[in-house]
Amino acid sequence: MIAATGEPTAERVSRAPSWVPVAAWGFGLVAVALGAAAIVAVQADALSRVLGGLSVGVGLGALGWGAAGLWLDRTPLPRVAVSGLFVGMGVAVALLATAPGRASILAVALLLALGVAAACGIVRGTRHPSPRSSLWGLVAAAALVTVVVVPALGACQGAALLNVDGTVLPVITHEGH
């Protein structure tokens, strides 16, 4: 990169902390689960299916972004990533407002927490690049994200199976077939 004075300058690499791609994976998993639940819910209407499709798309993008971040050992497209996180958070909140209202409040709250944490980590990494990622940092981040994401995934399934009167529809098993 050449400065305005004509002298070469060192290009700054944006490197978020090692936990950020893992948080993006957690965000992506919850966003995909919310979207899938909105698409297949018993009382799903056209708006909730469209929002569900958007949520699935944003979630898949977050999963891919997290993988690319670990693969490249830097933060790819930080502005686009933060924008995608905020779009995903907006879609999740909009899913709560749809007519069937089958999005899990717990899952949306955890998605918002993961999205804000990941966005803050990305912004921090652009201003103050982190050193190379460590294995123990990734293990700790994976454990923490797992503790947060697993209950959210269960809540998404429960919200998709709710009937209008608040009862849960039975899951029919096909034993003996």
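Structure: see above.
Throughout this document, residue positions are counted from 1 along each chain, in the order its sequence is written. A pLDDT threshold of at least 70 governs which residues receive local features in this predicted model, and a stricter bar of 80 or more applies before side-chain atom pairs are shown or counted, although totals over entire chains, interfaces and linings include all residues. As a convention, hydrogens and water are excluded, and side-chain values are obtained from all of the structure's heavy atoms.

Visitor: What is the right way to look at the overall build of the protein in this model?
Guide: Strands are runs of DSSP state E lasting at least two residues, helices are runs of H or I lasting at least four, and both sets are numbered from the N terminus onward. A tally of helices and strands in the protein yields five helices and zero strands. In sequence order, the secondary structure elements of the protein are arranged as α-α-α-α-α. Only protein chains enter the accessibility calculation, which uses a 1.4 Å probe; a residue whose area is less than 20% of its type maximum is buried, one above 50% is exposed, and one in between is partly exposed. Relative to its full complement of 177 residues, the protein shows a buried share of 37%. Note on definitions: a residue-residue contact is assigned when non-hydrogen atoms from the two residues lie within 4.5 Å. Put simply, 78% of the contacts in the protein that link residues at least 6 apart link residues at least 24 apart. Residue-level accessible areas treat just the shown protein chains as cover; the underlying method is Shrake-Rupley with a 1.4 Å probe. Carbon and sulfur atoms make up 70% of the accessible area of the protein, which amounts to about 9,800 Å² in all.

Visitor: Quick question: what am I supposed to make of a nonpolar patch on the surface here?
Guide: Each patch is built from salt-bridge-free residues with over 30% relative accessible area, joining like charges within 9 Å and nonpolar side chains (Val, Leu, Ile, Met, Phe, Trp, Tyr) within 5 Å. For this document, the term salt bridge refers to a Lys or Arg side-chain nitrogen within 4 Å of an Asp or Glu carboxyl oxygen. The grouping of L135, W136 and V139 at the surface amounts to a nonpolar patch, some 380 Å² of accessible area in total. Tracing the backbone through its elements, the reader meets W136 in helix α5 (residues 135-160).

Visitor: It is not clear to me how the nonpolar core should be interpreted in this structure. Could you clarify?
Guide: Across soluble globular proteins, nonpolar side chains have a tendency to be buried as a group. Here the nonpolar core consists of buried residues drawn from Ala, Val, Leu, Ile, Met, Phe, Trp, Tyr and Cys, with membership extended through side-chain atoms lying within 4.5 Å. Of all hydrophobic cores here, the largest spans 35 residues; its most connected members are F27, V30, L34, L85, L111 and I122. Listing elements by their share of this core, those giving two or more residues are α1 (19-40), α2 (46-72), α3 (78-97), α4 (105-127) and α5. The dominant element in this core, judged by the number of residues it contributes, is α1, at 10 residues.

Visitor: I'm lost on unusual backbone geometry in this one. Help?
Guide: You will see that D73, though not glycine, has its phi angle at about 60 degrees, which is positive. Here D73 is to be found in the loop between α2 and α3. In this model, L77 sits at a positive phi of 45 degrees, which is unusual for a non-glycine residue. Turning to its location among the elements, L77 is positioned in the loop between α2 and α3. Of the residues examined, L77 reaches a relative accessible area of 59% and is grouped as exposed.

Visitor: Before we go on, may I ask you to explain the environment of L110 in this structure?
Guide: Residue position: L110 is located in helix α4. Sequence separation of L110 and P151 is 41 residues, and the distance between their C-alpha atoms is 9.3 Å. In contact with L110, other than residues within four places in its own chain, are V148 and A152.

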